[in-house]
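Letter by letter, the chains look like this.
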Amino acid sequence: MSYTDEVYARVVAQNPGEPEFHQAVKEVLDSLQVVIDKNEEEYRSLSILERLVEPERIISFRVPWVDDNGVVQVNKGYRVQFNSAIGPYKGGLRFHPSVNQSILKFLGFEQVFKNSLTGLPIGGGKGGSNFDPKGKSDREVMAFCQSFMTELNKYIGADQDVPAGDIGVGGREIGFLYGQYKRIKGLYEGVLTGKGLTWGGSLIRTQATGYGVVYILDEIAKAHGDNLKGKTAVVTGSGNVAIYAVEKITELGATVVAMCDSNGYVYDPAGIKLDIVKDIKEVKRGRIKEYADRVEGAVYTEGKGIWNIKCDVYLPCATQNELDLDGAKTLVANGCKYVAEGANMPTTLEGTQYLQENGVLFMPGKAANAGGVATSALEMTQNSMRLSWSAEEVDAKLKDIMQNIFKKVDEAAKKYDMADNYVVGANIAGFEKVVDAMKAQGIV
Ligand code: NDP
Ligand code: 2IT
């Protein structure tokens, strides 16, 4: 058995009931095979892969809070501090009823490679809770966030671990979390990113993940003598990442014809009117269905199946495993040419393989959505300098980072004779920096 297969078997055996974590590890280890083969003895002697797949630490805790009816609720809280070889742990917090240890470990594992690809000094981590902010009052969300931070504050800090947003955690939640951290610790420090602009946040952080997806997509197109003008796109989800991916790709001349949420999808052949989506999602915290009530010619379909809409570009920006093999087959049959993952691991392993084998240019999430965490690192830099950069300055840096990520990923794929295989390229390029740092720091 190869070293990578051995380590994968060990991960499955030692982490039962964690299918998402197994999936993320499998994708990475399969990609690394070509690198490991060249130096197997050294990697084995240092147990590099065994260390890479084991989080440095997982903190899990009880989160009790009182709802608006006076009833005591209890949720699970977690922080997975996965790898600090190249910098303090960095990664988002997810509040969603599906959250469990498997999901947070897969996200933390992905984050290690993603953060390495940004070129910035940030290690990988992830956290969250099975709390569902949907339908809760602002007071309930505040009560939950304060209780969550009352425990989490012991394990984080500006030079230790810097959480941010993810699904279900946006500006409102970061505000409540920050307020409680400051109150307990008595420190005004950059311990969270995605902060508001009047209290240490960075311009463009809100837009960064979605913009970054489109910046790297533009690089892929250019590298193949193409551009985004006149393309038809489908963007899944209608949250933070989806909204700003739509904004940027529309600016570059494409037409987005469909978006969704977990209930269903809207199709608007005239092109999605983003101001209406923003009003529904960012202001009213409503459902995407309302778009069809407000826009003539738009059609709402309940349930899954957004991939049935014909497009040149498909940007999955909702959640893990939203696009499976059948969806991938439909995209290919309809002539889709580009898939860039705004979400983390939104495509199943079989779906990814099918897309790649059928000529779709596929950029995995750990490269495509790295603009969010990269801009979080820029927020950390500004906090350390006690300065704020202009929107133009941050946006230019973001673009530069995404162009560099494309270059690294593209070059790594070519170096191992797998041109255009951006999955292999991203995993190898991300791995090399982390492993170099791990080797230098000894057996820790
Ligand atoms: P939001 O909470 O802002 O939005 C999530 C969107 O995805 C909502 O439209 C939501 O619909 C939809 N969604 C969630 N779960 C499902 C599901 N099971 N089926 C269908 N749709 C679903 O989160 P973000 O936009 O921040 O995050 C989206 C993805 O991007 C996640 O995978 C996240 O990990 C990733 N990401 C986020 C970054 C960031 O900076 N925010 C950075 C990098 C990656 P509904 O309202 O119905 O739940
Ligand atoms: O998945 C991700 O990269 C994020 N949710 C953003 C993390 C961050 O620290 O900005």
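Here the structure is shown first, and the text comes after it.
Residues numbered from 1 in each chain as written. Chains lettered and ligands numbered in written order. Predicted model: local features only at pLDDT ≥ 70, side-chain atom pairs only at ≥ 80, totals over all residues. Heavy atoms only, no water.

J.: Any chance you could break down the site of ligand 2 for me, citing the residues and the numbers?
T.: Around ligand 2 sit 14 residues, and of these K90, K114, K126, D166 and S376 come closest. Within the side chain of Q111, an N or O atom sits 3.0 Å from an oxygen atom of ligand 2. S376 is positioned with one of its side-chain polar atoms (N or O) 2.5 Å from an oxygen atom of ligand 2. Considered on its own, ligand 2 offers 290 Å² of accessible surface; in the complex 94% of this is hidden by protein. Only β3 (89-95), α5 (101-117) and α15 (370-385) provide two or more residues apiece to the shell around ligand 2. Residue composition of the shell around ligand 2, by class: two nonpolar, seven polar and five charged. (Near = heavy atom within 4 Å. Polar contact = N/O pair within 3.5 Å; in protein donor to acceptor, adjacent residues only side chain to side chain. Areas by Shrake-Rupley, 256 points an atom, 1.4 Å probe, with all protein chains shown as cover. Helix = DSSP H or I, 4+ residues; strand = E, 2+ residues; numbered from the N terminus. Nonpolar A, V, L, I, M, F, W, Y, C, P; charged D, E, K, R; others polar.)

J.: Account for the sheet that holds strand β7 (residues 255-260), naming residues and giving values.
T.: Spatially, β9-β8-β7-β6-β10-β11-β12 is the arrangement adopted by the seven strands of the open sheet, whose pairing is mixed. Taken across any chain shown, the strands that pair with only one partner, and hence form the sheet edges, are β9 (299-302) and β12 (361-363). Adjacent strand axes in the sheet meet at a mean angle of 15 degrees, parallel and antiparallel pairs treated alike. Bridge count between strand β10 (residues 313-315) and strand β11 (residues 338-340): two bridges; the pairing is parallel. Pairing of V313 across the sheet is with Y338, part of β11. (Pairing = 2+ DSSP bridges. Axes fitted to C-alpha atoms, helices over the stretch in contact; angles between N-to-C directions.)

J.: Before we move on, could you go through the site of ligand 1 and cite the residues and values that matter?
T.: Not every one of the 25 residues close to ligand 1 is listed here, only the nearest: D166, T209, S262, R287 and N344. Within the backbone of S238, an N or O atom sits 2.9 Å from an oxygen atom of ligand 1. Within the backbone of G239, one N or O atom sits 3.5 Å away from an oxygen atom of ligand 1. Relative to its unbound accessible surface of 890 Å², ligand 1 loses 85% to contact with the protein. For the shell around ligand 1, the secondary structure elements donating two or more residues are α8 (205-223) and α9 (240-251). Split by residue class, the shell around ligand 1 holds six nonpolar, 12 polar and seven charged.

J.: Describe the packing of aromatic side chains, with residues and values.
T.: Each aromatic ring pair is characterised by the separation of its centres together with the angle its planes make. Taken as a whole, this structure holds 18 aromatic pairs when the rule is applied. Relative to F82, the ring of F21 lies with its centre 6.1 Å away and its plane at 45 degrees, an arrangement referred to as tilted. Linking F21 in helix α2 (residues 19-38) with F82 in strand β2 (residues 72-83), this pair joins segments that are 61 residues apart in sequence. Between the aromatic rings of F95 and F148, the centroid separation amounts to 5.3 Å while the plane-to-plane angle is 70 degrees, which identifies the pairing as edge-to-face. Remark: F148 occurs in helix α6 (residues 138-152) and F95 occurs in strand β3; sequence separation between them is 53 residues. F95 gets classed as buried once you look at its relative accessible area, which sits at 1%. Here K26 stacks its cationic end above the ring of Y8, 5.2 Å away from the centre of that ring. (Phe/Tyr/Trp six-rings, centres within 6.5 Å; stacked < 30°, edge-to-face > 60°. Buried < 20%, exposed > 50% of the residue type's maximum accessible area, 1.4 Å probe, protein only. Lys NZ or Arg CZ within 6 Å of the ring centre and 35° of its normal.)

J.: Describe the side chain of N15, listing the residues and the values that go with them.
T.: Among the structural elements, N15 can be located in the loop between α1 (3-14) and α2. Here V11 takes part through its backbone oxygen, which lies 2.9 Å from a polar atom of the side chain of N15. Other than its neighbours up to four places away in sequence, N15 contacts F21, H22 and K105. (Contact = heavy atoms within 4.5 Å.)

J.: Residues and numbers for the pattern of salt bridges, please.
T.: Under the counting rule described, the total for this entry stands at 27 salt bridges. In this structure, the salt-bridge partner of K222 is E219, at a minimum N-O distance of 3.3 Å. One end of the pair, K222, and the other, E219, are both in helix α8, three residues apart, so they sit about a helical turn from each other. Looking at K222, the relative accessible area reads 47%, which means it is partly exposed. (Salt bridge = Lys/Arg side-chain N within 4 Å of Asp/Glu carboxyl O.)

This is a description of form; function is not addressed.
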